Amino acid sequence: MKGLTASHPQLEDTLDSYGDKNHTINPYKDQGLNLRITNLQTKELLYNDIDFDITDKKSFFHHIFYDKGKSTNGLIFYTTRTYEINENNYNVYFQFNLTENSMDLMHLLPGMILIYLFIVYLILHSGKKGNAKLFSIMKTMSATANRLTVNNLHSERLNVAGTKSELKDLAITINGMLDRIETSYESQKQFVSDASHELRTPISVIQGYANLLNRWGKKDETVMEEAIEAIQIESKEMQDLVEKLLFLSRHDKKTLKLKKAKFNMCEIVEDMVKETKLVITNRIIRSSKLEDVIVYGDKQALKQAIRVFIDNAVKYTKDNDVIQISCENQDGDCVITVSDTGIGMTRKDIDNIFERFYRSDHVRNEKISGNGLGLSIAKLIILKHTGRIKVRSQYTKGSTFIITIPKRIY
C-alpha cells in the first residue's frame, strides 16, 4: 500500500551517502523495525534488511500479519510510504516485528478483554438506567394524557420537571397545544352560553304573549293586536340572531364563501344614505362627500357590514343627533366613514366591541336593544376583503368608524 508522497531530508542524505544496498542504514533494526527501499522509476532495490518477508502472505487484519505456525510463529505490523527526493520517487516498505513481544501481548489480552467487558457492562448498565428513567417519564406523560377530559382540561398538564432535551420540548409543545384547545373550548362554551341567553328572551316573550292570546286574545281585540305585534317583533329579532349565528358558524367552519366582483362602492353608500333618511326621520343624516371608487368584493356582504355601522350610529344616538356618512377615493383605496354625536364609548368598550356578544354596561343600563354580534360580523367581512377598521370615540361625545378597503391591483 502506498502512502503519502513527501520530501524526507534524512532519507535523502542516507541515500546519497550509502550506495550499497547491503549497507545497514537502519539504526532501528535491532528494535524490530525493518526497511526496504525501491526506486520507483528504475525498479531498483536500493536497500533491504528484512529477514522474514511477508509481502506475499495474507494479512490477519488491516496492516497486521499473524501466523501461529511452528516455523513462522510471529506478529508483524507493516505499511508503505512513497517519498520524492531530487525528482526521484522512492517506495519505502516498513515492517515492525513484534514476534518476541507477542507472548507478552497474549498475556495482556485476557486483562484487556476483562477491561473491555467491564466497560461494556458499565455502558449497558448506564443505558438501562437511562432507558428506565426515560420510559418512566413517558409512562407518566401517557397517564396524564389518558386522564385528560373536558372536565379537567384546565388543570391537567404534562410535568416538564426532570425531563431533558427532546422530551422536555415535546412536553412543552403538548402543553401549549392543550392551552390552545382549552381556550378554544372555553370560547365555544361561552359562545353557546351567550347564544342561549340571547335566544331565551325572545322565546320567553313569544311564549308569554302566546299564553295571553290563548287566555284573553280570542275575545279582546286590543290584546290580540298587542300580542301579535310583540310576537312579530320578537320573532324578527330571533330570526336576525339565528342568521347572525349561522354566519359566524360558517366562518368558523371555513365554509363561508364570498362572491366577489368589481363594483362602484359609492352607489351602495348612496342607496344606504337614502334608505336611512327615509326610515329615520328624527336624526340629522349628512353625506357631504360621496366619491366614485371601484372595489373588488362581495357587494351584499360589504353592504351588510356598512349597514351594521349605520344601524349602530342610529341606535346609539338620540333625537336630533348628527350622523355623518362619507365614501372617499384615497389613491384608489375606498375609505368609508360613519360618525355620530351619540353616547360614545369608553376605552374598555373600544377594546372589546368586536368581541362576540359584547355589550357595554351603560348600553345595557339604558336598555338599548341588540345582541352584540353586528360588529363581530362586520369585522369578519371587512377582514375577508383585506380591509381594516379604525375606531375613534369619546364617551358622551360620539364615535367614528373608518373602514378602509384597499385598492386591488388587477
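This section reports on the structure supplied with the text. Just so it is clear, the structure is predicted and the values come from calculations on it, not from any experiment. (Residues numbered from 1 in each chain as written. Predicted model: local features only at pLDDT ≥ 70, side-chain atom pairs only at ≥ 80, totals over all residues. Heavy atoms only, no water.)

Taken across its 8 residues, strand 13 (residues 398-405) has 8 buried, putting it largely inside the fold. Residues Gly398, Thr400, Ile402 and Thr404 line one face of strand 13 and the alternating positions Ser399, Phe401, Ile403 and Ile405 line the opposite face, and both faces are buried. Sheet analysis places strand 11 (residues 333-340) next to strand 13, joined by 6 bridges and oriented antiparallel. Its bridge partner lying in strand 13, Thr337 is registered against Ile402. With 7 bridges joining them, strand 12 (residues 388-394) and strand 13 adopt antiparallel strand pairing. (Buried < 20%, exposed > 50% of the residue type's maximum accessible area, 1.4 Å probe, protein only. Helix = DSSP H or I, 4+ residues; strand = E, 2+ residues; numbered from the N terminus. Pairing = 2+ DSSP bridges.)

Here the distance between the centres and the angle between the planes together describe a pair of aromatic rings. Following the criterion strictly, the structure yields 2 aromatic pairs and no others. Judged by centre distance (5.2 Å) and plane angle (45°), the ring pair of Phe309 and Phe401 falls under tilted. You can see Phe309 sitting in helix 6 (residues 299-315) and its partner Phe401 sitting in strand 13, a full 92 residues away along the chain. For the pair Phe309 and Phe401, a shared accessibility class is recorded, and that class is buried. Between Arg36 and the ring centre of Tyr93, over which it is positioned, the NZ or CZ distance is 4.5 Å. (Phe/Tyr/Trp six-rings, centres within 6.5 Å; stacked < 30°, edge-to-face > 60°. Lys NZ or Arg CZ within 6 Å of the ring centre and 35° of its normal.)

In this section: a negative patch on the surface. Taken together, the side chains of Asp220, Glu221, Glu225, Glu226 and Glu229 make up a negatively charged region of the molecular surface. By the secondary structure assignment, Glu221 is in helix 4 (residues 221-252). Overall, the relative accessible area of 57% leaves Glu221 in the exposed class. (Patch = residues over 30% accessible without salt bridge, like charges linked within 9 Å, V, L, I, M, F, W, Y side chains within 5 Å. Areas by Shrake-Rupley, 256 points an atom, 1.4 Å probe, with all protein chains shown as cover. Salt bridge = Lys/Arg side-chain N within 4 Å of Asp/Glu carboxyl O. Lys, Arg positive; Asp, Glu negative; His and termini not counted. Charge placed at Lys NZ, Arg CZ, Asp CG, Glu CD.)

Let's shift gears to a positive patch on the surface. A grouping of Lys254, Lys260, Lys384 and Arg408 is seen on the molecular surface, where their side chains present a positively charged patch. Its location among the elements puts Lys384 in helix 9 (residues 374-384).

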